[in-house]
Amino acid sequence: MIRKRRNPLWASLAMALLIFGGARAQTPDSELDTLQQRVKPCTSCHGNEGRATREGYFPRIAGKPAGYLLNQLLNFREGRRHFPMMTYVAQYQTDDYLREIAAYFGSQQVPYPPPMPTRAAPAVLARGHQLVTEGDKTLDIPPCTACHGRRLLGVIPAVPGLLGVSQDYLTAQLGSWRSGVRAAAAPDCMGELVRRMRHEDLDAATTWLASQPVPEGQEPEDSFEHSPPLHCGSIEQGSRTP
Amino acid sequence: MRKYLWGGILLVVLVLGIAWWRGTGDRESGAAPPPATVASADPIERGRELVTLADCRSCHTARGGAPFAGGREIPTPFGTFYSPNITADARTGLGNWSANDFWHALHNGYSKDGTLLYPTFPYTNYTKISRSDSDAIFAYLRTITPVSQANRPHELAFPYNHRILLVAWRWLFFRPGVYEPQPGKSPEWNRGAYLVQGVGHCSACHESRNALGATRSEAGPSGGLVLNWYAPSLTSPRQAGVENWPVADIISLLKTGRVDTNSTKAAALGPMAEVVSESLQHAPDDELQAMATYLESLPVTHSNDENSESSVKYDIPRSILEAGKDLYTKNCADCHGKQGEGREPAAPPLAGNRAVLMSSAVNPIRMVLFGGYSPGTAGNPRPFGMPPYSLTLSDEQIAEILIYVRRSWGNSARPIRGEEVSSNRGNPLW
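S.K.: I keep staring at the overall build of chain B and nothing clicks. Help me out?
M.R.: Across its full length, chain B holds 19 helices and 9 strands. Within the span of chain B, comprising 430 residues, buried residues form 47% of the whole. The contacts of chain B with a sequence gap of at least 6 include a subset with a gap of at least 24, amounting to 67%.

S.K.: What should I look at first to understand the overall build of chain A in this one?
M.R.: Scanning chain A from terminus to terminus reveals 11 helices and 2 strands. Listing the helices and strands of chain A from first to last along the sequence gives α-α-α-α-α-α-α-β-β-α-α-α-α. Within chain A, contacts between residues at least 6 apart in sequence are counted, and of these 70% link residues at least 24 apart.

S.K.: Just to check I follow, could you spell out the environment of B:Leu254 for this structure?
M.R.: Tracing the backbone shows B:Leu254 in helix α10 (residues 247–256). Sequence separation of B:Leu254 and B:Val276 is 22 residues, and the distance between their C-alpha atoms is 6.1 Å.

S.K.: Where do I start with the domain arrangement of chain A in this structure?
M.R.: Frequently, the measure chosen for interface size is the accessible area removed from exposure when the parts meet. Residue and element names in this part refer to chain A. With domains assigned, chain A is organised as domain 1 (35–106) and domain 2 (122–236). For domain 1 and domain 2, the distance between their C-alpha centroids amounts to 20 Å. At the interface, 16 residues of domain 1 touch 19 residues of domain 2. Split by residue class, the side of domain 1 that touches domain 2 holds 5 nonpolar, 5 polar and 6 charged.

S.K.: How should the confidence of the model for chain A be read in this particular structure?
M.R.: Note: predicted coordinates in regions of low pLDDT should not be interpreted at a detailed level. The predicted model of chain A averages 86 in pLDDT, with 87% of residues at 70 or higher. Within the model, the stretch residues 1–25 of chain A combines pLDDT values under 50 with 89 contacts to residues more than four positions away or in other chains.

S.K.: Teacher, can you tell me more about helix α4 (residues 99–108) of chain B here?
M.R.: In an α-helix, one turn spans 3.6 residues, which is why side chains three or four residues apart end up on the same side. Residue and element names in this part refer to chain B. The element α4 is extensively covered by neighbouring structure, given that 7 of its 10 residues are classed as buried. Three or more residues of α4 are buried, namely Phe102, Trp103, His104, Ala105, Leu106, His107 and Asn108. Next to the buried residues of α4 lie α5 (123–126) and α6 (131–141). Positioned one or two residues after α4, glycine 109 has a phi angle of 75°, which is positive.

S.K.: Any chance you could explain the nonpolar core here in plain terms?
M.R.: For soluble globular proteins, the rule of thumb is that nonpolar side chains tend to be buried together. Counting residues in each nonpolar core, the largest one holds 131 residues, and the members touching the most others are B:Leu254, B:Met291, B:Leu295, B:Ile398, B:Ile401 and B:Leu402. Aside from chain neighbours lying at most four places away, what touches B:Leu254 is B:Val276, B:Leu280, B:Leu288, B:Met291 and B:Ala292. Core analysis: the next-biggest nonpolar cluster, separate from the first, contains 14 residues, A:Leu152, A:Leu153, A:Trp208 and A:Val214 among them.

S.K.: Please explain the pairing of strand β1 (residues 73–76) of chain B as it appears in this structure.
M.R.: Working note: regular strand, side chains alternate between the two faces of the sheet. All names here are of chain B. In terms of strand pairing, β1 meets strand β2 (residues 79–82) through 4 bridges, oriented antiparallel. The residue of β2 that forms the bridge with threonine 76 is glycine 79. The hairpin turn running from β1 into β2, its antiparallel successor, is 2 residues long.

S.K.: Is there a simple way to think about the environment of B:Arg406 in this case?
M.R.: Residues and elements named next belong to chain B. Within the element layout of this structure, arginine 406 appears in helix α18 (residues 395–406). Look at arginine 406 and you get buried, because 24 C-beta atoms sit within 10 Å. Setting aside residues no more than four positions away along its own chain, arginine 406 makes contact with Val356, Leu357, Asn411, Ala413 and Pro415.

S.K.: Quick question: what am I supposed to make of unusual backbone geometry here?
M.R.: Note: most peptide bonds trans; most residues except glycine with negative phi. Of note, the amide linkage connecting A:Ile156 to A:Pro157 takes the cis form, showing an omega dihedral of 10°. Mapping A:Pro157 onto the fold places it in the loop between β1 (154–155) and β2 (159–160). In this structure, the amide linkage connecting A:Ala186 to the following residue, A:Pro187, adopts the cis form with an omega of -5°. Tracing the backbone through its elements, the reader meets A:Pro187 in the loop between α8 (167–178) and α9 (189–196). The phi angle at B:Phe68 is positive, at roughly 70°, despite the residue not being glycine. Mapped onto the elements of the fold, B:Phe68 is located in the loop between α3 (56–59) and β1. C-beta crowding within 10 Å serves as the criterion here: with 26 such atoms nearby, B:Phe68 is assigned to the buried category. If you check the backbone angles, B:Asn228 has positive phi at about 65° while not being a glycine.

What counts and how
Residues numbered from 1 in each chain as written. Chains lettered and ligands numbered in written order. Predicted model: local features only at pLDDT ≥ 70, side-chain atom pairs only at ≥ 80, totals over all residues. Helix = DSSP H or I, 4+ residues; strand = E, 2+ residues; numbered from the N terminus. Buried ≥ 20, exposed ≤ 12 C-beta atoms within 10 Å, placed from the backbone. Contact = placed C-beta atoms within 7 Å. Domains from an automatic or database assignment. Nonpolar A, V, L, I, M, F, W, Y, C, P; charged D, E, K, R; others polar. pLDDT = per-residue confidence, 0-100. Core = buried A, V, L, I, M, F, W, Y, C linked by C-beta atoms within 7 Å. Pairing = 2+ DSSP bridges.

Written out as structure tokens, the structure reads:
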């Protein structure tokens, strides 16, 4: 179709009205009509393919279970999580579009960088290892592996892996759950758990998790080995299909 | 801020003078004026449509909160307002209100107990709503699940925290009055005027406000700053005027958040994305048609852009334009094109794009800093988005890019300063 411009009215309405169209570029513009192009605002911070970086605050989103990613987009949109830029991008998008974007990043399989070297004391790492893999019965804390998978790479469709994210990010998330700034769909199992944990235990667990390499070529588990020790609204919300 | 302080002092003086003279007794009777048009017969259904068109829910719902239970923060130069609960809860909402009480709020700006309402609640627009439509809105609100949620007090600066000042404000700026259909205009045009001026309260954003927060004129929405965005003039051909648009294109923009035809190309972003998302995309087509008919007919006004821009010669150092071009080539040209020609459907052209060229540079600055998406709607379910550059580019670099964009490919808008970018960087995202 030949598009002739008849006295083009460069129109903008509304708050910031951007005008599309005009002359053809060198490469076919249809090449830009992709999901990859549509998620450019996401990859500005989360990195190409959502791989992030090992030291940044912005978490890796590549390869995380799609239901988990959808949950987070819905949580930002509906005010259970608070990060202005995330709320800003998600707030007026439909469930279907957010689900499509979540599936896109969930399907990206890109290698993880090695973890940052840790300077933590061996006792801290040992306590962290114990909490992550065995929990602490006296404090009524189940191990992370009970929900996040034996290999800590998450469980499809809605439980995220805990490896390959920076300690800054992990600490910020657990801290905001503890202070009530972050929440998940009710019942908020993670919030309940974090509030049961002592400060130094949260630190030990995140220190150990951030020190672990992500095993090459391994993916989230398909199902839970045993049913999760707590009732989690997020697992139901993230498992819902359109 | 200084102008607001003087405004406040002026108000104090005025209120003392007027309060004794006039009191608070300008209540209009609740007698029903003729309805603006004939609409759906079922009052609750008609009320639902009107509530959608007025977008009551957006302001009266906190993020993640119960619908219409209030609590949304509304920042203004006078302080922060918190919207009230308008569900039918007896203790914290409108449960004890009558249709007459509701009419007084909408039409006269009084609460049930006689408290004067702040015009953050746009009763200056809603006063144009007919009594029968007010009753329909009230009937619909009664069907919303009542929620017990106490109202949060507003947090306003002195002297605006004294409601008595509203006596003077109302005397200066508010005259109750239902919309009067204009003879000689079609019923559709009159319906559109009623919706745009009254129910839809477009001028609440698209009009500049004076030092006392009053919109400057009733007839000509001529652009204003709101929620840290610039709501462009709906009457200026250099801003968001639609006087030459095909009506179908105006409807498309209102309904889908985007229009992309041979002759017209535009998209809604910022607070307008919310209006499309929450309100206009759900509006009946004939109501949008009426609004478009009225908007297209608005008399053209000329904003300050027109005198100041192309005729003025700016002395821009070559080094700045070179730096801007270099940054543009690295960061922007892949999508927007080397000549600012844009690449459909992903990226709009920047050459001749009036959204980028307005004298107020707030919107383009915000778009480069924070990026953003148009709303996802049935007609545009998978919008493209602009990436944020606040983390990778400095204020000076963003200014250089925007100067280059605003002064290239035939564009001749005023250059901007790095401080303008700085002053927007810390602003909240809406």
